[in-house]
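# Observations on the model geometry
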Amino acid sequence: MRRPSLPAWAWVALAAHALFVADARAAARFDAATRVFRLDGERVTYAFGINEAGQLQSLHWGGRLADGDPLGPAKSLPSHSSFDLSASITPQEFPAQGGGVFTEVALKVAYADGNRDTVLRYVSHTLERDAVTVRLRDIALPLEVSLRYTIDPGTGVIGRSARIENLGRTPLRIDQAASAAYTLAPQDDYRLHHLSGRWAGEWSLQQRPVSEGASVLESRRGSTGQQNTPWFAIDRGGSSGEDSGPVWFGALAWSGSWRISIDKDPLGAVRVVGGYNPYDFAYRLAPGERLDTPVFYAGYSDGGMGGASRLLHRFERERILPGGGKPRLRPVLYNSWEATEFAVDEAGQMALAEKAARIGVERFVVDDGWFGARNSDKAGLGDWSVNRAKFPNGLKPLIDKVHGLGMEFGLWVEPEMVNPDSDLYRAHPDWVLNFPERPRTPARNQLVLNLARRDVRDHVLQVLDALVTDNDIQFLKWDYNRNWSEPGWPQLAPEDQPKVYVEYVRNLYWILGELRRKHPKLEIESCSGGGGRIDLGIMALTDQVWPSDNTDPFDRLSMQDGFSHAYAPAAMMAWVTDSPNWVNRRETSLDYRFLSSMQGALGIGANLNHWRDADFATAARMVAAYKQVRATVQQGDLYRLISPANGSPRSATLSVSPDRRQAVLFAFLHSQSKGMQEPAIRLRGLDPRQRYRIARLGGGALPEAMPAEASGAYWMEHGLAVPMRGDFQASGFVFEAK
Ligand code: DGJ
């Protein structure tokens, strides 16, 4: 019998449909009749279809739809006028520059003959249980784009990336490459949330209406940056809040220059396009070569901003952070930086280690200053051999001492950098990013090694591998203290040099991956002068992150609040340091500092040589208390009960364990005013019928008139009044199910 003549895509589609019929639990499906793709999570549906023009058209991103709901067939929108043509108005999943598209594009290509027109059409697709890959091709040229979609069924978080391939015989140049375009159907009251900041002032939550004109979040710096983080959330100003209403959010897994643009198109739909930053970007593809984009994750919650961040935290814990879905609880660490700065030596570090062990610290970390001629930030970076004046017998005696005290040992490194005053730079001045015959602009007296070069990449891995092999090291704090200037790669042809934006970061990931492969027990922290390199790309390869060099416990409350919108407390380090704090000269009690830091993964960075016995007693009590609740704080559900933003006189967070048997409340009074009584704090997320016993975190009597025990319903509906008076007051409570 003759096969009916169907186009190739239809055969693939039919096969895919059969697969769907055979496996009803699949989260990714294709309906051959309507040519609609669906990705379903527990509470989310993402759908797009192949329209009559062969374009991949966005259809739905939001709450879960019923099976069989009428999503397709996709039909392109008619031109609005001779100015806004159909191709531009129709929300495409991966719009390319060409054919009259004027909205933000995901792809812009220049061909050798001067052609800059690309029009992509559906060719075929491959379906897996939780993923689909759709192949698109230019209408005339051998340019192919494969769009990869994944869904995490539990959280409904979609992952999208693109592979762009030159299947022709001549090179082409990619001028712009995004990972994905996401579309929100027209509404009047969309509101954008994003995080901005600067060194020592990261994680400031911003809001603005999504109105005409683009909002651009980006880094042009070669790395993620403190100024913006690659995360956005959009809610409905009219009907969304912290606890309820629809929220669409996304985060880009990339630690280099990036851009997310949020744009309202002429008909009111909102397009969110994210990926490589086109600024100074160009990527030449020789015949047969391809470019892969990073993954741009996106999710939806109908539980307000709080619901959105709880979903994202869960996704990060289960799908991003190392640990195969169960990231290890963060050990309580001690770090020497604020205590000693560059003046580290064997005797001084041993004395600190003894004191740290007394209060229950589990990991002792020696920060900057242990290597080369590193007595200040002016010299030594790049020379990763132990400074024998400071450690005459190498690191071994200190490491043995730390281990003998029952702690892990950690070390600070900044492997991507070099001081011009270093043996490495004297030997290899050509290893840094530079344009020949141009000045090399230093920042913190250092230059950036060009990790995109194979020899530099291999050198950095070899140095770190040797360091971890030769010393019994459990943890590296990986620092990165400047952004790029003069991003030249003179060893390549001029037209290939901008590849540095991609290759550098790929090699960074490669080094981290190799190091972890060779040393499976090694843990790593991503630090970049504070929070300058935190994103889902680096978090897949590091166990914890350092949000800010600002350790002021009051500033940290709002920073931690901002941070928590995008990233999980499971990875968020927070240190207790000295008072007055070096940033603001603000004085706070040790209890206050502990309770602020206990909102994340607890560390101590104070100069223990200055502590009195009472301080050690307080610290030991708080560290012990923290260990009782850290699983809930780090891996439970976070409820931002009262935001510290906008000058609020108070703030409160609650963390609830996944089984709802433990909850941890942190409450802060920032500033007492006019003798006002503190309003009751109403908890969330408890089991209403379960009875919970309350205790003060860190011990001590409960305030008078506070019941020792009540139902979850009581704590949520009636709440508890925490009697705090004065400035910079803090209280912590733990609720245990009976
Ligand atoms: C910047 C980091 O953020 C600090 O914690 C510290 O490690 C210094 N670098 C050391 O130079």
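First things first, this report covers the structure right here in the doc. (Residues numbered from 1 in each chain as written. Predicted model: local features only at pLDDT ≥ 70, side-chain atom pairs only at ≥ 80, totals over all residues. Heavy atoms only, no water.)

## Observations regarding the overall build of the protein chain
- Scanning the protein chain for helices and strands turns up 14 helices and 36 strands.
- Sorting the 738 residues of the protein chain into buried and exposed places 61% on the buried side.
- For the protein chain, the exposed area adds up to about 27,800 Å²; of that, 50% sits on carbon and sulfur atoms.
- On the protein chain, the mean spot of the 84 positive side-chain charges and the mean spot of the 86 negative ones are 3 Å from each other. (Helix = DSSP H or I, 4+ residues; strand = E, 2+ residues; numbered from the N terminus. Buried < 20%, exposed > 50% of the residue type's maximum accessible area, 1.4 Å probe, protein only. Areas by Shrake-Rupley, 256 points an atom, 1.4 Å probe, with all protein chains shown as cover. Lys, Arg positive; Asp, Glu negative; His and termini not counted. Charge placed at Lys NZ, Arg CZ, Asp CG, Glu CD.)

## So, the environment of threonine 170
- Among the structural elements, threonine 170 can be located in the loop between strand 9 (157-166) and strand 10 (172-184).
- Classification of threonine 170 by relative accessible area gives partly exposed; the value is 49%.
- Remark: the alpha-carbon pair of threonine 170 and leucine 476, spanning 306 residues in sequence, is separated by 45 Å.

## Some points on the pattern of salt bridges
- Taken as a whole and assessed by the stated rule, the structure comprises 56 salt bridges.
- For aspartate 496, the salt bridge identified is with lysine 499, shortest N-O distance 3.8 Å. Each of the two residues, aspartate 496 as well as lysine 499, counts as buried.
- Connected through shared salt-bridge partners, Arg29, Arg38, Asp40, Arg64 and Asp67 make up one network. (Salt bridge = Lys/Arg side-chain N within 4 Å of Asp/Glu carboxyl O.)

## Describing the site of the ligand
- Around the ligand sit 13 residues in total, of which Asp367, Asp368, Lys477, Asp479 and Asp549 are the nearest.
- Residue aspartate 368 places a side-chain N or O atom 2.6 Å away from an oxygen atom belonging to the ligand.
- Arginine 444 is positioned such that a nitrogen or oxygen atom in its side chain is 2.9 Å from an oxygen atom of the ligand.
- Bound to the protein, the ligand loses 98% of the 290 Å² it would expose on its own. (Near = heavy atom within 4 Å. Polar contact = N/O pair within 3.5 Å; in protein donor to acceptor, adjacent residues only side chain to side chain.)

## Describing the sheet that holds strand 1 (residues 28-31)
- Spatial ordering of the open sheet is given by 1-2-3-4, a layout of four strands whose pairing is antiparallel. The open sheet has two edge strands with one neighbour each: strand 1 and strand 4 (56-63). For this sheet the average axis-to-axis angle between neighbouring strands, irrespective of direction, equals 15°. (Pairing = 2+ DSSP bridges. Axes fitted to C-alpha atoms, helices over the stretch in contact; angles between N-to-C directions.)

## Observations concerning the environment of threonine 133
- On the secondary structure map, threonine 133 appears in strand 7 (residues 131-138).
- Relative accessible area serves as the criterion here: at 18%, threonine 133 is assigned to the buried category.
- Distance from threonine 133 to valine 664, taken between C-alpha atoms, is 43 Å for residues 531 residues apart in sequence.
- Discounting residues that sit within four places of it in the chain, threonine 133 has contacts with Ser124, His125, Thr126, Glu128, Ser146, Leu147 and Arg148.
- In this structure the side chain of threonine 133 is engaged in a polar contact, spanning 3.0 Å, whose partner is the side chain of arginine 148. (Contact = heavy atoms within 4.5 Å.)

## Here we look at the side chain of serine 655
- As for its position among the elements, serine 655 is in strand 32 (residues 650-656).
- Overall, serine 655 belongs to the buried group, its relative accessible area being 3%.
- Setting aside residues up to four positions removed in sequence, serine 655 forms contacts with Thr632, Val633, Asp637, Leu638, Gln662, Ala663 and Val664.

## Quick notes on the nonpolar core
- Of all hydrophobic cores here, the largest spans 192 residues; its most connected members are Trp370 and Ile604.
- Take this core: its biggest share by element is 10 residues, from helix 9 (residues 500-518).
- With sequence-adjacent residues up to four places away left out, isoleucine 604 is seen in contact with Val332, Leu333, Tyr334, Asn335, Ile359, Val361, Trp575, Val576, Phe594, Trp611 and Val623.
- Membership of the second largest hydrophobic core comes to 23 residues, among which are Leu665, Met706, Leu720 and Phe733. (Core = buried A, V, L, I, M, F, W, Y, C linked by side-chain atoms within 4.5 Å.)

## Considering the sheet that holds strand 27 (residues 523-526)
- Pairing within the open sheet is parallel, and its eight strands lie in the order 28-27-26-23-22-21-30-29. Looking at which strands have only one partner, the edges of the open sheet turn out to be strand 28 (544-545) and strand 29 (573-576).
- Bridging between strand 22 (residues 363-366) and strand 23 (residues 408-413) involves four bridges; their strand directions are parallel. Along strand 23, the bridge assignment pairs arginine 363 with glutamate 408.

## Digging into the packing of helix 8 (residues 454-470) against helix 9
- The N-to-C vectors of helix 8 and helix 9 enclose an angle of 30°; their axes lie 10 Å apart at closest approach. Taken together, helix 8 and helix 9 sit at an angle that is classed as roughly parallel. The hand of the helix 8/helix 9 crossing is right-handed. Here helix 8 contributes Arg457, Asp458, Val460, Leu461, Leu464 and Asp465 to the contact with helix 9, which in turn contributes Asn507, Trp510, Ile511, Glu514, Leu515 and Lys518. (Parallel < 35°, antiparallel > 145°, perpendicular 65-115°, else oblique. Left-handed = near helix turned anticlockwise from the far one by under 90°.)

## A look at unusual backbone geometry
- Following glycine 72, the chain continues to proline 73 via a peptide bond in cis, the omega torsion being 0°.
- Tracing the sequence through the fold places proline 73 in the loop between strand 4 and helix 2 (86-89).
- The backbone of glutamate 437 sits at a positive phi, close to 65°, despite the residue not being glycine.
- By the secondary structure assignment, glutamate 437 is in the loop between helix 7 (423-427) and strand 25 (447-448).

## With respect to the pairing of strand 26 (residues 475-478)
- Residues Phe475 and Lys477 of strand 26 are buried on one face, and the alternating residues Leu476 and Trp478, pointing to the opposite face, are buried as well.
- Sheet topology note: the strand 23/strand 26 ladder contains four bridges and is parallel. Along strand 26, the bridge assignment pairs valine 413 with tryptophan 478.
- Of the pairings in the sheet, the one linking strand 26 to strand 27 comprises four bridges and is parallel in character. The partner of lysine 477 across the bridge, within strand 27, is glutamate 525.
- Handedness of the strand 26-helix 9-strand 27 crossover: right-handed. (Right-handed = clockwise from strand over helix to strand, strands pointing away.)

## Looking at the environment of serine 219
- Within the secondary structure, serine 219 is located in strand 13 (residues 215-219).
- Exposure remark for serine 219: the relative accessible area of 2% places this residue in the buried category.
- A C-alpha to C-alpha distance of 9.6 Å links serine 219 and tyrosine 276, two positions 57 residues apart in sequence.
- When residues no more than four places from it in sequence are discounted, the contact partners of serine 219 are Thr224, Ser257, Trp258 and Asn277.
- Only 2.5 Å separates the side chain of serine 219 from the backbone oxygen of serine 223, close enough to count as a polar contact.

## Details of helix 11 (residues 553-566)
- Taking 1.5 Å per residue as the helical rise, helix 11 with its 14 residues ought to reach 20 Å, and the 20 Å between its terminal C-alpha atoms agrees with that figure.
- Among the 14 residues that make up helix 11, 12 are buried, leaving the element largely enclosed by the rest of the structure.
- For helix 11, the complete set of buried residues consists of Pro553, Asp555, Arg556, Leu557, Met559, Gln560, Asp561, Gly562, Phe563, Ser564, His565 and Ala566.
- In this structure aspartate 552 caps helix 11, since a side-chain oxygen of it lies 2.9 Å from the backbone nitrogen of phenylalanine 554. (Expected span 1.5 Å × (residues − 1).)

## A short note on the packing of helix 12 (residues 590-597) against helix 13 (residues 613-635)
- Relative to each other, helix 12 and helix 13 sit at 25°, their axes nearing to 10 Å. Between helix 12 and helix 13, the interaxial angle falls into the category roughly parallel. As for how helix 12 packs across helix 13, the hand of that crossing is right-handed. Of helix 13, the residues touching helix 12 (which contributes Leu590, Asp591, Phe594 and Leu595) are Asp615, Thr618, Ala619, Arg621, Met622 and Val623.

Just distances and angles here, no functional claims.
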